[in-house]
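The residues making up each chain are set out below.
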Amino acid sequence: MGYETIRVEKRGKVGLITLDRPKALNALNAQLISELSAALDSFETDDRIGCIVLTGSEKAFAAGADIKEMQPFDYPKSYMSDLITPWERVSTNRKPIIAAVAGYALGGGCELAMMCDFILAADTAKFGQPEITLGTMPGSGGTQRLTRFVGKSKAMEMCLTGRMMDAQEAERSGLVSRVVPADDLLEEAMKAAEKIADFSLPVVMMTKESVNRAYETTLAEGIRFERRLFHATFGTEDQSEGMTAFIEKRAPQFRNK
Ligand code: HXC
């Protein structure tokens, strides 16, 4: 499929998606979200892909939803067109997605990064929810996910004032997993993705599902859910191979079964 707003590559077992609307700082318009969904669908159903990296440019991961596209909307139009709902495809993808963020991740851009499974940040990254400055509010999970990641006080301050946080603050507050020099961002993200893609894919997917359950349920239910999946890993050839390889002091050869 030919894409106009993203670039899509397969690098071994890793699917790499680069947001590519440089003139608009990767502002997320309907076409981009639709193309991103299609690319994610194709990676999800591709048995050879074990992990996905989503990135932007040096200057911007994404400067938000496309303000020029949204500006003429009224309430019926935003409701009837189900504005934003198509974005959920990112958070429902069953394979791991790493957000590699350099530069601005604002509004919908910050929300898009938070829909991924973890965020690796360049030291140039800046995160923020500036929707309040436009007379609106976060609409793609910002008030919910940011609050879970960084706690109420910081999330409230960011959403109410539109203040941006830099990469160091984002790491300190738990929004990003790691900060790396900007020049190394893609390489570090690819290294992490390749590592994940070499593990057992079903077990990787179960692990993702189980961590995500922590955001949706009580501790007791989450622990029970985890136990069921843990037991299920013993139904895979890869668990047998992984433990046998450890005992035989050799590297495991996972077959993703
Ligand atoms: C549409 C955008 C855009 C956006 C930047 N551009 N952000 N276009 N939607 N979100 C465009 C600008 O209009 C400009 O194009 C070009 O990108 C370069 O931007 P500049 O402002 O000239 O760059 P700079 O001075 O470096 O400032 C960078 C910036 C600023 C601080 C990131 O662009 C900015 O504040 N952008 C808006 C950030 C924002 O408010 N995001 C939240 C959006 S609402 P032209 O052709 O005009 O020169 C949102 C709602 C989410 O995300 C709700 C659910 C998804």
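An unreviewed UniProt entry annotates the chain as enoyl-CoA hydratase originating from Roseibium aquae. Here the chain is described in UniProt, under the heading Sequence similarities (unreviewed entry), as follows: "Belongs to the enoyl-CoA hydratase/isomerase family."

A look at the site of the ligand
The environment of the ligand is made up of 24 residues, and the closest members are K59, A65, I67, K68 and G108. K59 places a side-chain nitrogen or oxygen 2.7 Å from an oxygen atom of the ligand. Here K68 contributes a side-chain N or O atom positioned 2.9 Å from an oxygen atom of the ligand. Where the shell around the ligand is concerned, the elements lending two or more residues are α2 (67-70), β6 (104-106) and α5 (108-115). Of the residues in the shell around the ligand, the class split is 13 nonpolar, five polar and six charged.

Observations regarding the pattern of salt bridges
Opposite charge on two side chains permits them to pair, given that their charged atoms come into close proximity. For the coordinates displayed, the defined rule picks out 19 salt bridges. The partner of E9 in a salt bridge is R11, with the nearest N and O atoms 3.0 Å apart. Classification of E9 by relative accessible area gives partly exposed; the value is 30%. For E216, the salt bridge goes to R213, with nearest N and O atoms at 3.8 Å. Sharing partners across several salt bridges, the network here consists of K154, E157, R163 and E169.

Concerning the pairing of strand β3 (residues 51-55)
The buried fraction of β3 amounts to five of the five residues, a majority that puts the element mostly inside the structure. Of the two faces of β3, both are covered, the one formed by C51, V53 and T55 as well as the one formed by I52 and L54. Of the pairings in the sheet, the one linking β3 to strand β5 (residues 97-101) comprises four bridges and is parallel in character. Bridging from a neighbouring strand, L54 pairs with A99 of β5.

A few points about the sheet that holds β6
In spatial order, the strands read β4-β6-β8-β9; together these four strands make up an open sheet with mixed pairing. One side of each edge strand has no neighbouring strand; the edge strands of this open sheet are β4 (60-62) and β9 (165-166).

Side note on the sheet that holds strand β1 (residues 6-11)
Strand order in the open sheet formed by six strands is β1-β2-β3-β5-β7-β10, with mixed pairing between adjacent strands. Of all the strands in the sheet, just β1 and β10 (178-180) have a single pairing partner and so form its edges. For this sheet the average axis-to-axis angle between neighbouring strands, irrespective of direction, equals 20°. Relative to β10, strand β7 (residues 118-122) is paired through three bridges, and the arrangement is parallel. Paired with A121 across the bridge in β10 is V179. Strand contacts of helix α1 (residues 30-44): β1, β2 (14-19), β3 and β5, with the helix running at about 15° to β1, the strand carrying the most contacts.

Quick look at the packing of α5 against helix α6 (residues 142-150)
The geometry of a pair of packed helices is captured by two quantities: the angle between their axes and the separation between those axes. Where α5 meets α6, the axes come as close as 10 Å, and the angle between the chain directions of the two elements is 60°. The pairing of α5 with α6 is recorded here as oblique in orientation. The way α5 lies across α6 gives a crossing that is left-handed. Of the residues in α6, those touching α5 at E111, M114 and M115 are G142, R145, L146 and F149.

What counts, and at which threshold
Residues numbered from 1 in each chain as written. Predicted model: local features only at pLDDT ≥ 70, side-chain atom pairs only at ≥ 80, totals over all residues. Heavy atoms only, no water. UniProt positions renumbered as here; feature names shortened; annotations may be inferred. Near = heavy atom within 4 Å. Polar contact = N/O pair within 3.5 Å; in protein donor to acceptor, adjacent residues only side chain to side chain. Helix = DSSP H or I, 4+ residues; strand = E, 2+ residues; numbered from the N terminus. Nonpolar A, V, L, I, M, F, W, Y, C, P; charged D, E, K, R; others polar. Salt bridge = Lys/Arg side-chain N within 4 Å of Asp/Glu carboxyl O. Buried < 20%, exposed > 50% of the residue type's maximum accessible area, 1.4 Å probe, protein only. Pairing = 2+ DSSP bridges. Axes fitted to C-alpha atoms, helices over the stretch in contact; angles between N-to-C directions. Contact = heavy atoms within 4.5 Å. Parallel < 35°, antiparallel > 145°, perpendicular 65-115°, else oblique. Left-handed = near helix turned anticlockwise from the far one by under 90°.

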